[in-house]
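# Summary of structural features
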Amino acid sequence: MTDLAFVRSDLVDAKPPPHRTSGAWAWAQKNLFATPLDTLLTVLGILFLLWVVPPIYNFFIGHAVGPNGTVEECRMETAGACWAYISSEMEFFIYGFYDIPEHWRPNIVFALGALLFIPLLMPKVPFKRTNAVLFLFVYPIVSYYLLAGGVFGLKPMPTEKWGGLLVTLIISVVGITLSFPIGIVLALGRQSKMPVIKTLCIGFIELVRAVPLISVLFMASIMLPLFMPQGMTIDKLLRALVGVTLFTSAYMAEVVRGGLQAIPRGQYEAGASLGLGYWQRMYFIILPQALKHVIPGIVNSFIALFKDTSLVYIVGMKDLLEAVKTKNDTALEWQSANTATTGYLFAAMVFWVFCFGMSRYSIFMERRLNTGYKR
Amino acid sequence: MTTLDTGPAAAPRVSFFNDPVIRGIIYQVVVAGLLIAFIVWIVGNTAANLAAQNKTTGFDFLWKTAGFDISFSLFPWSRASFYWEAFLVGITNTLLVAFIGIVLATMLGFTIGIARLSSNFIVSRLATVYVETIRNIPLLLQLFFWYFAVLKAMPSVRESILLPFDSFINQRGIFVPRPMPDEQFGFVWIGVALAILAIIALRFWAKKRLEATGRRFPVFLSSVALLIVLPGLVWFASGASVAFEPPVLERFNFKGGIQLPPEFVALLFGLSIYTASFIAETVRAGIQAVNKGQTEAAQSLGLKEGDRLRLVIVPQAMRVIIPPLTSQYLNLTKNSSLGAAIGYPELVNVFAGTALNQTGRAIECIALTMLVYLIFSLLTSVIMNWYNARVSLVER
């Protein structure tokens, strides 16, 4: 029976120490050349980079025509991106058809917005409540009158003239600040025990989520005027805002619902047993926990909204992308092989910076609020 | 000493309005009333507006001749066709680009998603750069880029660029040879069908044998072999052949072959590349959601690397991946409506655009368009609910 058991009587020889576990070479061995397949992938990857990076570098910087260049340089056979075109049309890309002598007004709006919004994002800055009230209630009114004019001797400026980055930012900021509360209300309505309210909320959310934004905007642009009493016209910017806000709030509602469902029943019951009313319970107990769970989803909806603002050309607004496209198609004095490409790349970079910034900020916030769930 | 009054407490005097049941009813009546008033107001306004513009309503226009051109359709279209045919052309064009886009985006997305988890530094960084760049740029902008900056900037027809396999690319799109199978080729399809039947039988048998003896049969490799060998044999035996009709440059344009219009190509590229970045993130999250202990447990059971992935990791990851993946497919289908911006004749472009402008029946056209997307969405969610019920964890 002993032949089934094996007992080693002498020690195994000690293995040699690992060759190197730190330093550049060890890192490369672990991350680049761990197996033959890895080595092959690394070589292919480097070849790919060598194939892709130099042309990109040359297009963007190497052979590009700087901001002070001329159109003749852009038209040369070897020229890369035509940054001169961007710098000469920059005003149009930012303000659209807004009268040039009045550009100080949007500038003040931009500056005020940055001044109020950036402290709001930084957790350490005090006076959050005052700041939020200023940003959410005072700032929109001031900005509207500053931009539209017609009061205090400011020249009236119809919204048809607004354009470029200004419109992109207005639609996304207004859309974000409005769709968030509407989304929360819709999500709460969807959880409600009252059948009429529940059905309404589910119907709205599912209907809006089922159709593409482009058809919602078509509807806002063509059917909204039909729905209004005769003789009443709705501003184009307002149509875009209504469309984008309603669309995003349906998505926001689903995100918030995910958070609400993650809250254990005990929290609702604990709130009720403290004698809190429905809204108090939601405001003090449920929503703070629920929203914390779904920050990534909320920010993803914001990013989607920011990208979706590029669709408002359907209602006839000239947002950043539409402004760039207009100039690409009509600025004959800048026509060259790379003009359109440069324009789109510029717009892409602007959109990218905003969206990437938002996603990084959400990661930062998530880490900061991740108290008590850390493992 | 105080005594506690433990007798039956009198029912608390609650005011009429504080009774939750009554209050709930009041709220609902108020909301429903407001909604009905709102709808009545809107319907009244619309009727008045339509009457003022001398417009009629109704779906009778669907049986009138459309009288406009559609640049790309899968079945014959002429100006004499009816509006309901235009509706069908729109739907099929949407489904065509969505279907091919889904296939391409899935392949690209899974590749990139797995690459992001690679232990190889360069591979994972390249995948990260791809995802973070593409995800943060609006789809419409990418479509404009592909359409206006890349495809429309191609050389003119006379200076077409020659691609491999007798294909050409120029301003008017991509021209590829058209396969012309002869009559014998039908037998090859029969061969394919036979191979598929054989594979199903083989799997069944292999599973039986595995359960009986514990010995594994290389099902996947033999399936691939069957799928190649059987139709191949039929091909040779029947003497079938496929001729390719290459596109030939004539005076003004290419003759023969298949023309893929630039709108279609740009939309397909844009949709696939954009959606792939989201699918990649879904795949990455799904694989990461599988606990590391599962890999270790599989190792300790003595499963080989391939079996570990196939039997333990992938089934669990798929449970996490499939629901968001389907919603990405649905997003791709909805996003195909952006083809309207670059002139691809899909549903929104044909029906909510051209047909609406021609007939002026705004409400009917938009309602029909939305109804189609609503049906897509409902079908997807029905299938999803069925799938979720099937794969969800059965907990004690």
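Parameters at a glance
- Residues numbered from 1 in each chain as written.
- Chains lettered and ligands numbered in written order.
- Predicted model: local features only at pLDDT ≥ 70, side-chain atom pairs only at ≥ 80, totals over all residues.
- Heavy atoms only, no water.
- Core = buried A, V, L, I, M, F, W, Y, C linked by side-chain atoms within 4.5 Å.
- Buried < 20%, exposed > 50% of the residue type's maximum accessible area, 1.4 Å probe, protein only.
- Helix = DSSP H or I, 4+ residues; strand = E, 2+ residues; numbered from the N terminus.
- Contact = heavy atoms within 4.5 Å.
- Buried area = accessible area lost by both parts, 1.4 Å probe.
- Salt bridge = Lys/Arg side-chain N within 4 Å of Asp/Glu carboxyl O.
- Polar contact = N/O pair within 3.5 Å; in protein donor to acceptor, adjacent residues only side chain to side chain.
- Nonpolar A, V, L, I, M, F, W, Y, C, P; charged D, E, K, R; others polar.
- UniProt positions renumbered as here; feature names shortened; annotations may be inferred.
- Pairing = 2+ DSSP bridges.
- Axes fitted to C-alpha atoms, helices over the stretch in contact; angles between N-to-C directions.
- Phe/Tyr/Trp six-rings, centres within 6.5 Å; stacked < 30°, edge-to-face > 60°.

## What about the nonpolar core?
Counting residues in each nonpolar core, the largest one holds 174 residues, and the members touching the most others are Phe-93 and Trp-162 of chain A together with Phe-351 of chain B. Sort the elements by how many residues they give to this core and helix H7 (residues 262-289) of chain B lands first, with 12 residues. In this structure, Phe-351 of chain B is in contact with Phe-61, Leu-62, Tyr-83, Phe-87, Leu-356, Cys-365, Leu-368 and Thr-369 of chain B, ignoring residues within four places of it in sequence.

## Re the interface of chain B and chain A
Across the boundary between the two partners, chain B contributes 50 residues, which contact 52 residues of chain A. When the two sides are added together, the surface that chain B and chain A hide from each other amounts to roughly 4500 Å², 74% of it contributed by carbon and sulfur. Three residues, Gln-28, Asn-136 and Met-370 of chain B, lead the burial of chain B against chain A; their summed loss comes to 13% of the area buried on that side. Connecting chain B to chain A are 1 salt bridge. A salt bridge links Glu-132 of chain B to Arg-360 of chain A, with the nearest nitrogen and oxygen atoms 3.4 Å apart. Counting across the interface, chain B meets chain A through 13 residue pairs in polar contact (both at pLDDT 80 or more). Mapped onto the side of chain B that touches chain A, the elements with two or more residues apiece are helix H1 (20-52), helix H3 (121-135), helix H4 (139-151), H7, helix H10 (339-342), helix H11 (347-359) and helix H12 (362-391) of chain B. Per-element tally for the side of chain B that touches chain A: the top contributor is H1 of chain B, with 14 residues. Each residue belonging to the side of chain B that touches chain A can be placed in one class, and the counts come to 35 nonpolar, 12 polar and 3 charged.

## Details of the UniProt feature "transmembrane region" (unreviewed entry) in chain A
All names here are of chain A. UniProt records the feature "transmembrane region" (unreviewed entry) for residues 40-60, 81-98, 104-121, 133-154, 166-188, 200-228 and 344-365 in the present numbering. Across residues 81-98, the secondary structure splits into 72% helix and 0% strand, with the terminal C-alpha atoms separated by 27 Å. The annotated region residues 166-188 carries 100% helix and 0% strand content, and the separation between its end C-alpha atoms amounts to 33 Å.

## Describing the side chain of Thr-282 of chain B
Residues and elements named next belong to chain B. Mapped onto the fold, Thr-282 is located in helix H7. Polar contacts involving the side chain of Thr-282 include one to the main-chain carbonyl oxygen of Phe-278, which spans 2.9 Å. With near-sequence residues (within four places) excluded, Thr-282 lies in contact with Ile-321, Pro-324, Leu-325 and Gln-328.

## Focus on the sheet that holds strand E8 (residues 258-260) of chain B
Residues and elements named next belong to chain B. The strand order across the open sheet built from 4 strands is E1-E2-E3-E8, with neighbouring strands paired in antiparallel fashion. Two strands bound the open sheet, and with one partner strand each, they are strand E1 (161-163) and E8. Ignoring strand direction, the axes of neighbouring strands in this sheet form an average angle of 25 degrees. Summarising the sheet, strand E3 (residues 173-176) and E8 pair through 3 bridges and their orientation is antiparallel. The residue bridging Phe-175 from the neighbouring strand is Gln-259, located in E8.

## Quick notes on the packing of aromatic side chains
All names here are of chain A. Evaluated as defined, the whole model comprises 31 aromatic pairs over all chains. Centroid distance Phe-247 to Tyr-251: 5.1 Å. Interplanar angle 50 degrees. Geometry classified as tilted. Taken together, the residues Phe-247 and Tyr-251, both in helix H10 (residues 236-261) and 4 residues apart, mark about one turn of the helix. With a relative accessible area of 7%, Phe-247 lands in the buried category.

## Things to note about the pattern of salt bridges
Tallied over the entire structure, the rule returns 14 salt bridges over all chains. Linking Glu-281 of chain B and Arg-284 of chain B is a salt bridge whose minimum nitrogen-to-oxygen distance equals 3.1 Å. In this pair, Glu-281 of chain B and Arg-284 of chain B are both assigned in helix H7, 3 residues apart and thus about one turn of the helix distant. For Glu-281 of chain B, a relative accessible area of 15% translates into the label buried. With relative accessibility at 22%, the residue Arg-284 of chain B sits in the partly exposed group. Among the ionic contacts, a cluster of salt bridges with common partners joins Arg-190, Glu-206, Glu-254 and Arg-257 of chain A.

## Notes on the environment of Arg-190 of chain A
Residue and element names in this part refer to chain A. Along the chain, Arg-190 turns up in helix H7 (residues 164-191). Here Arg-190 falls in the buried class, since its relative accessible area comes to 13%. Polar contacts involving the side chain of Arg-190 include one to the side chain of Glu-254, which spans 2.8 Å.

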